[in-house]
Amino acid sequence: MRSSNRNRNIERRAEYLQADQCVPPPCDDGSMDRIWFIKDGCGLACVFVTWMLVFYAEFVVVFVMLIPGQHLLYSIINGIIFNALAFLALASHSRAMLTDPGAVPKGNATKEFIESLQLKPGQVVYKCPKCCSIKPERAHHCSVCKRCIRKMDHHCPWVNNCVGENNQKYFVLFTMYIALISLHALTMVCFHFLYCFEEEWLKCSSFSPPSTVILLILLCFEGLLFLIFTAVMFGTQVHSICSDETGIERLKNETVTWQKTLGWAGMKAAFDGDFSLGWFNPFSGLRCRKRAQASGDTPDMSRREVVVMEAPAD
């Protein structure tokens with residue numbers, strides 16, 4: 001009777017767990033982490049279009065403007081700059097697409113795992129009814145990824161992935177590099193038009209004048225469109241990082257219950273350290289991670305009362 005009376009008087013307070021509390025102990029098999037990949041038809045089509053547009057810009061810049069150019073040094077310098085930026089843009093795109101954005105382990109809301117958590121007596125935790133996962137604070141369910149994502153900003157079909165806690169840096173780099181190569185391509189198109197107007201069109205391109213004009217106009221339209229789009233996305237992402245509020249949290253006008261990391265501190269947290277060249281490197285953090293779990297350190301929670309509630313729908 002004493003035990004039942006004590007449990008009946010326990011205060012049940014619903015709260016989200018911290019993200020690191022929702023990860024079940026992994027198996028120490030020494031294997032490399034699996035590559036994250038979303039099998040979504042719309043997203044894969046957008047990825048294909050993105051890469052084809054970059055390759056089209058590469059073709060026009062190199063074979064229409066730079067190779068036929070009369071100034072060798074101009075062609076070499078601009079060719080190196082454009083190809084370097086294009087490579088970094090595609091590398092950042094690949095990292096944003098293939099990096100786990102911060103998915104909560106699927107189906108971890110089991111009795112055994114809940115009993116292994118160091119929860120307070122009477123503590124109420126939330127469970128996502130869609131993926132049967134214990135939902136940590138600031139996590140939202142993505143209907144495309146079919147997972148709860150920590151600090152989910154939005155699902156971007158252009159990278160075929162959610163933008164979340166683990167891959168926001170690569171998405172920011174992708175938008176920045178695409179904006180830079182778009183600006184660079186537009187600048188070269190303007191100079192090429194001026195050069196061709198002063199010289200004969202047959203001397204400034206290996207293609208016929210009508211074909212050259214059409215290719216340059218299409219590149220100009222593509223560059224202007226993507227410059228505006230990616231510059232806006234870059235600005236919104238930097239603002240989200242500096243204000244420590246994701247796009248979905250701002251859209252749903254969620255009450256701030258977490259301690260915000262604002263301004264430059266937020267940038268350092270998102271980009272893994274103090275300002276350095278590593279901030280601009282899409283290959284940073286690319287390594288095999290081996291996670292170990294010590295045996296015998298699972299606390300005995302069998303006598304603690306834990307209440308699991310379904311989280312509000314996202």
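What counts, and at which threshold
- Residues numbered from 1 in each chain as written.
- Predicted model: local features only at pLDDT ≥ 70, side-chain atom pairs only at ≥ 80, totals over all residues.
- Heavy atoms only, no water.
- Helix = DSSP H or I, 4+ residues; strand = E, 2+ residues; numbered from the N terminus.
- Buried < 20%, exposed > 50% of the residue type's maximum accessible area, 1.4 Å probe, protein only.
- Areas by Shrake-Rupley, 256 points an atom, 1.4 Å probe, with all protein chains shown as cover.
- 1 Å grid on protein atoms, 1.4 Å probe; cavity = no way out; pocket = protein on both sides within 12 Å on 5 of 7 lines; lining within 4 Å.
- Points joined across faces, edges and corners; volume = space filled by probe spheres on them.
- Core = buried A, V, L, I, M, F, W, Y, C linked by side-chain atoms within 4.5 Å.
- Contact = heavy atoms within 4.5 Å.
- Patch = residues over 30% accessible without salt bridge, like charges linked within 9 Å, V, L, I, M, F, W, Y side chains within 5 Å.
- Salt bridge = Lys/Arg side-chain N within 4 Å of Asp/Glu carboxyl O.
- Axes fitted to C-alpha atoms, helices over the stretch in contact; angles between N-to-C directions.
- Parallel < 35°, antiparallel > 145°, perpendicular 65-115°, else oblique.
- Left-handed = near helix turned anticlockwise from the far one by under 90°.
- Nonpolar A, V, L, I, M, F, W, Y, C, P; charged D, E, K, R; others polar.
- Pairing = 2+ DSSP bridges.

Asker: It is not clear to me how the overall build of the chain should be interpreted in this structure. Could you clarify?
Answerer: A tally of regular secondary structure across the chain gives eight helices and eight strands. Split into buried and exposed, the 314 residues of the chain put 42% on the buried side. Within the structure as shown, the chain displays about 17800 Å² of accessible surface, and the carbon and sulfur contribution to it stands at 62%.

Asker: What am I meant to see in empty space enclosed by the protein here?
Answerer: One water molecule sets the probe size; rolling that probe over the atoms shows where empty space is left. Throughout the structure, instances matching the rule amount to two cavities of 30 Å³ or more. In this structure, the largest cavity spans a volume of roughly 240 Å³. Among the secondary structure elements, those contributing two or more residues to the lining of the largest cavity are α2 (41–66), α5 (168–198) and α6 (209–243).

Asker: Can you walk me through the nonpolar core in this structure?
Answerer: General note: in soluble globular proteins, nonpolar side chains tend to be found buried as a group. Core analysis: the largest hydrophobic core is formed by 38 residues, its most contacted members being V61, M65, F82, I178, L216, L219 and F271. Contributions of two or more residues to this core are made by α2, α3 (72–98), α5 and α6. Among the elements that make up this core, the one with the highest residue count is α5 (13 residues). If you look at the next biggest cluster of nonpolar residues, it comprises eight residues, including I38, C142, I149 and M152.

Asker: Help me out: how do you make sense of the side chain of N167 in this one?
Answerer: Positionally, N167 belongs in the loop between β7 (161–163) and α5. Once residues lying within four places of it in the same chain are set aside, the contact partners of N167 are A96, T99, P101, N161 and C162.

Asker: Help me understand a nonpolar patch on the surface, please; the structure alone is not making it clear to me.
Answerer: Taken together, the side chains of I35, F37, L44 and L98 present a nonpolar region at the surface, about 360 Å² in accessible area. Position of L98 relative to the elements: it lies in helix α3.

Asker: Is there a simple way to explain the pattern of salt bridges in this structure?
Answerer: Side-chain pairs of opposite charge can arise where the charged atoms are in close proximity. Taken as a whole and judged by the stated rule, the model has six salt bridges. With a shortest N-O distance of 2.8 Å, R138 and E249 are connected by a salt bridge. Of this pair, R138 sits in the loop between β3 (133–134) and β4 (139–142) while E249 sits in helix α7 (residues 247–251); the two residues are 111 residues apart in sequence, bridging distant segments of the chain. For the residue pair R138 and E249, the accessibility class agrees, reading buried in each case. Salt bridges sharing partners connect three or more residues here, namely R138, K151, D244 and E249.

Asker: Mind showing me how you'd approach unusual backbone geometry here?
Answerer: Both trends apply: most residues other than glycine have a negative phi, and most peptide bonds are in trans. One non-glycine residue, C132, lies in positive phi territory at about 55°. Within the fold, C132 resides in the loop between β2 (123–128) and β3. With phi around 70°, R138 is a residue other than glycine that occupies positive phi space. Relative accessible area serves as the criterion here: at 11%, R138 is assigned to the buried category.

Asker: When you look at the packing of α2 against α6 in this model, what are you seeing that I'm missing?
Answerer: The relative placement of two packed helices is expressed as an angle between their axes plus a distance between the axes. Relative to each other, α2 and α6 sit at 135°, their axes nearing to 10 Å. In terms of orientation, α2 and α6 fall into the oblique class. Along this stretch, α2 crosses α6, giving a crossing that reads as left-handed. Of α6, the residues touching α2 (which contributes L53, V54, Y56, A57, F59, V60, V61, V64 and M65) are T212, L215, L216, L218, L219, E222 and F226. Within the contact of α2 with α6, the residues separate by chemical class into 14 nonpolar, one polar and one charged.

Asker: It is not clear to me how the pairing of strand β5 (residues 147–150) should be interpreted in this structure. Could you clarify?
Answerer: Every regular strand shows the same layout, with side chains that alternate between the two sheet faces. Here β5 shows two buried faces, one formed by R147 and I149 and the other by C148 and R150. Here β4 runs beside β5; their pairing, made up of four bridges, is antiparallel. Directly across from C142, in β5, lies its bridge partner R147.

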